[in-house]
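Breakdown of the fold
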Amino acid sequence: MVQQRPGWWPRFSSTLRSTAVTARIGRVLGIAIALLFVTGLLSHYQYEPWAWLPEPAKPVWGYRLTQGIHVATGIATIPLLLLKLWSVYPNGFRFPPLRSIKHAIERLSVAILVSVALVQVTTGFLNVLNWYPFPWYFLTVHRFLAYVLVGSVLLHVGVKLPDIAYGLSAKVAEADVLTEIPWNENPESHSNAGTLPNPPTTGISRRGMLTAAGAGVGVVILTSVGQTVTPLEPLGLLAPRQWTKGPQGVPVNRTAEQAKIMAAATSPTWSLEVVGPRPYRLTLADLDLRVVHEARLPINCVEGWSVGADWRGLSLLEVILQAGGTADSRIQVISLEEDWGFNHSFIEGPQLSAALLATHLNGQRLDLDHGYPLRLISPNRAGVLNTKWLGRIEVLS
Amino acid sequence: MKAWRIILAIAGIALGAFGVFRLVTEIPTHSLLILLLWLAVALVLHDAILAPSEVGVGWLLRRHVPDRARRFLQVALIMSAIVAVIAIPMIFLRGSQPAAKALLLRDYGANLILLFGIIAVVNLILYAVQVRWDRARALRQAQGTSASR
């Protein structure tokens, strides 16, 4: 079968590639994808919790940790994925290209896996960079594509399990060279020819290559994670966010100008409408009398950046109790902003009791971009759900 | 192992089919078609352009750079490529956002060059150490040979 290849058929001679190398990269990549899947599901839960299991308020840094891991891991996955694909590239040039129906199906499943993985990590990174050169709603497609990706990975692991077992048990330096000819058809392969000297690597060694790749990924993580691990901000050569440059030391994801609330939010006649069994209104003057609560809480964005901040404001629970609600009520907070999917959010359970209606941030009156005159802030809560520029609060039950 | 393979395959196909079902039922057709286009383009860009370029660079290095120097050059290139993949989109998108978002404000082009420089200097130092070490060893061997004569 090997001899039938036409002369122009690509031949891969690098001894760096090996199932042992691929299996080791694949193991790291698999762990990364599992981490991404779990932290991703936790993030979706923030948006759509089950009624009987509201999002907890403790630990306050919960979402900061899980979403920080999600985005840092996602960024690291981009080079890991490319490395993994480099290591198996000759497999695409087996001859003949399609041997049987089974082989055709396997190749199709690999094509789906590769394309979905590439699109998933690319669009995820573009979302972190707030660039959307695609027409679909990122959140939904990212979520459902994740099911397709993880499903394809499981199938791929099932199909390749014998190769994975060989790759992980073989020593990196000695294992078969991976070329366009499968090892079991190659009489010269290490496994078939018996004990041979290690495949010579004239340049970098396989282990050296893995170390260099690990170092590269390490540099990427170290220089980008400062957007989440705030003390590392000065090292953040490749960090998308720079929390020190945000207004009042905190970045925002939606500015007052984007939300078109400038006039409504700065109006001296602004008041908060509280709707419940005993409805009432709070004016700007009322707010000043009731701002007695303080909390140190991180704001943690779905895009991975986060920063701790000192918040001051009213207790949401007290506002709700006055309107005739209880600590068990389900509450909707509504922004002055119109025409945006996240111009409102729901809060209940532990987060309701822990939440502030903030008027001050880091010792100053809230910046307009941070939601002046009044915003929600609650622990362990996705940033976008801490609704800004509040105009109305409803006790729903 | 066989049982595991079957379990993994069935679980994978089920989860993947669920994802496809949700996509098809909840995403508008127009968006789905563009998504299909993205998936196809991603595969072509990688398999027809990026991966062959990697192979080509490796081939050129093997032809033109001596083994010892190539090792350090390969380490530097692998690290640089990994860093560049993350930096390049940010170089292009720098300054595209309102200031209050504190997003994409840094000079990622300069930062990438700085990282390239650090990677290059570290590898040059390691290369110099290797050259000296090889020379010292060759000298010791030469002396050993002459002494035994």
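Residues numbered from 1 in each chain as written. Chains lettered and ligands numbered in written order. Predicted model: local features only at pLDDT ≥ 70, side-chain atom pairs only at ≥ 80, totals over all residues.

**A word on the overall build of chain B**
- Helices and strands together make up the secondary structure of chain B, namely four helices and zero strands.
- In sequence order, the secondary structure elements of chain B are arranged as α-α-α-α.
- Scaling as 2.2 N^0.38, a compact globule of 149 residues should have a C-alpha radius of gyration of about 15 Å, whereas chain B reaches 26 Å, well beyond that.
- Once the C-alpha set of chain B is aligned to its principal axes, its extents read approximately 85 × 55 × 25 Å. (Helix = DSSP H or I, 4+ residues; strand = E, 2+ residues; numbered from the N terminus. Rg over C-alpha atoms; globule rule 2.2 N^0.38 Å.)

**Notes on the overall build of chain A**
- What chain A contains, in helices and strands, is 10 helices and 10 strands.
- Compactness check: chain A gives a C-alpha radius of gyration of 27 Å against a globular reference of 21 Å for 397 residues, more than 25% above the reference.
- Seen through its C-alpha atoms, chain A measures out along the principal axes to roughly 85 × 45 × 35 Å.
- The buried share of chain A, taken over its 397 residues, is 46%. (Buried ≥ 20, exposed ≤ 12 C-beta atoms within 10 Å, placed from the backbone.)

**Focus on the sheet that holds strand S10 (residues 390-395) of chain A**
Residue and element names in this part refer to chain A.
- Pairing is mixed in the open sheet, where five strands are placed in the order S2-S1-S10-S5-S6. Each having just a single partner strand, strand S2 (280-283) and strand S6 (344-347) make up the two edges of the open sheet. The average undirected angle you get between the axes of adjacent strands in this sheet is 20°.
- By the bridge criterion, three bridges tie strand S1 (residues 271-275) to S10 in an arrangement that is parallel. Residue pairing for S10: valine 275 is matched across the bridge by glutamate 394. (Pairing = 2+ DSSP bridges. Axes fitted to C-alpha atoms, helices over the stretch in contact; angles between N-to-C directions.)

**So, the nonpolar core**
- Grouped together as the largest cluster of nonpolar side chains are 127 residues, with contacts concentrated most on A:Leu81, A:Val220, A:Leu357, B:Met79 and B:Val83.
- Of all the elements, helix H2 (residues 62-88) of chain A adds the most residues to this core, at 13 residues.
- In this structure A:Leu357 touches A:Gly313, A:Leu314, A:Leu316, A:Val319, A:Leu374, A:Leu376 and A:Leu390, once residues within four positions along its chain are discounted. (Core = buried A, V, L, I, M, F, W, Y, C linked by C-beta atoms within 7 Å. Contact = placed C-beta atoms within 7 Å.)

**So, H2(A)**
All names here are of chain A.
- With 27 residues, H2 extends 38 Å from end C-alpha to end C-alpha; this agrees with the ideal 39 Å at 1.5 Å per step.
- The largest bend along H2 reaches roughly 30° and is located at threonine 77, with the proline proline 79 sitting one to four residues downstream.
- Burial runs high along H2: 24 of the 27 residues are buried. (Expected span 1.5 Å × (residues − 1). Bend = angle between axes of the 7 residues up to and from the residue.)

**Some remarks on the interface of chain A and chain B**
- On the chain B side, the residues contacting the 68 residues of chain A number 63 residues.
- Elements that contribute at least two residues to the side of chain A that touches chain B include exactly H2, helix H3 (101-128), helix H4 (138-169), helix H5 (206-224) and helix H6 (256-259) of chain A.
- Counting residues per element, the side of chain A that touches chain B draws most heavily on H4(A), at 16 residues.
- When the residues that make up the side of chain A that touches chain B are grouped by side-chain class, the tally is 45 nonpolar, 19 polar and four charged. (Nonpolar A, V, L, I, M, F, W, Y, C, P; charged D, E, K, R; others polar.)

**Some details on the pairing of S1(A)**
Residues and elements named next belong to chain A.
- Every second residue of S1 is oriented toward a common face, the buried set being Leu272 and Val274 and the non-buried set Ser271, Glu273 and Val275.
- Inspection of the sheet shows S1 paired to S2 by four bridges, in the antiparallel sense. When the sheet's bridge partners are listed, leucine 272 is paired in S2 with leucine 282.
- Linking S1 back to S2 in an antiparallel pair, the connection comprises four residues.

**Remarks on the domain arrangement of chain A**
Residue and element names in this part refer to chain A.
- Parsing chain A into structural domains produces domain 1 (19-235) and domain 2 (256-395).
- The C-alpha centroid of domain 2 is placed 40 Å from the C-alpha centroid of domain 1.
- At the level of elements, helix H1 (19-47), H2 and H3 are the ones that each hand at least two residues to the side of domain 1 that touches domain 2.
- With eight residues, the top contributor of residues to the side of domain 1 that touches domain 2 is H2. (Domains from an automatic or database assignment.)

**Digging into the pairing of S10(A)**
All names here are of chain A.
- A large share of S10 lies buried, amounting to five of its six residues.
- Pairing of strand S5 (residues 331-335) with S10 involves five bridges; the strand directions are antiparallel. Residue serine 335 lies in a different strand from S10, and its bridge partner there is leucine 390.

**Things to note about H5(A)**
- The end-to-end C-alpha separation of H5(A) is 27 Å, in line with the 27 Å expected for 19 residues at 1.5 Å each.
- Buried within H5(A) are the following residues: A:Arg206, A:Met209, A:Leu210, A:Ala212, A:Ala213, A:Gly216, A:Val217, A:Val219, A:Val220, A:Thr223 and A:Ser224.

**Let's talk about the packing of H4(A) against helix H1 (residues 2-26) of chain B**
- Their axes nearest at 7 Å, the elements H4(A) and H1(B) cross at an angle of 160°. It follows that H4(A) is roughly antiparallel to H1(B) by the angle criterion. Handedness of the H4(A)/H1(B) crossing: left-handed.
- A class-by-class count of the residues in the contact of H4(A) with H1(B) yields 19 nonpolar, seven polar and three charged. (Parallel < 35°, antiparallel > 145°, perpendicular 65-115°, else oblique. Left-handed = near helix turned anticlockwise from the far one by under 90°.)

**As for the environment of A:Pro200**
Residue and element names in this part refer to chain A.
- Within the secondary structure layout, proline 200 lies in the loop between H4 and H5.
- The exposure class of proline 200 is exposed, given the 8 C-beta atoms found within 10 Å.
- Expressed as a C-alpha distance, the spacing of proline 200 and alanine 173, which sit 27 residues apart in the sequence, is 8.8 Å.

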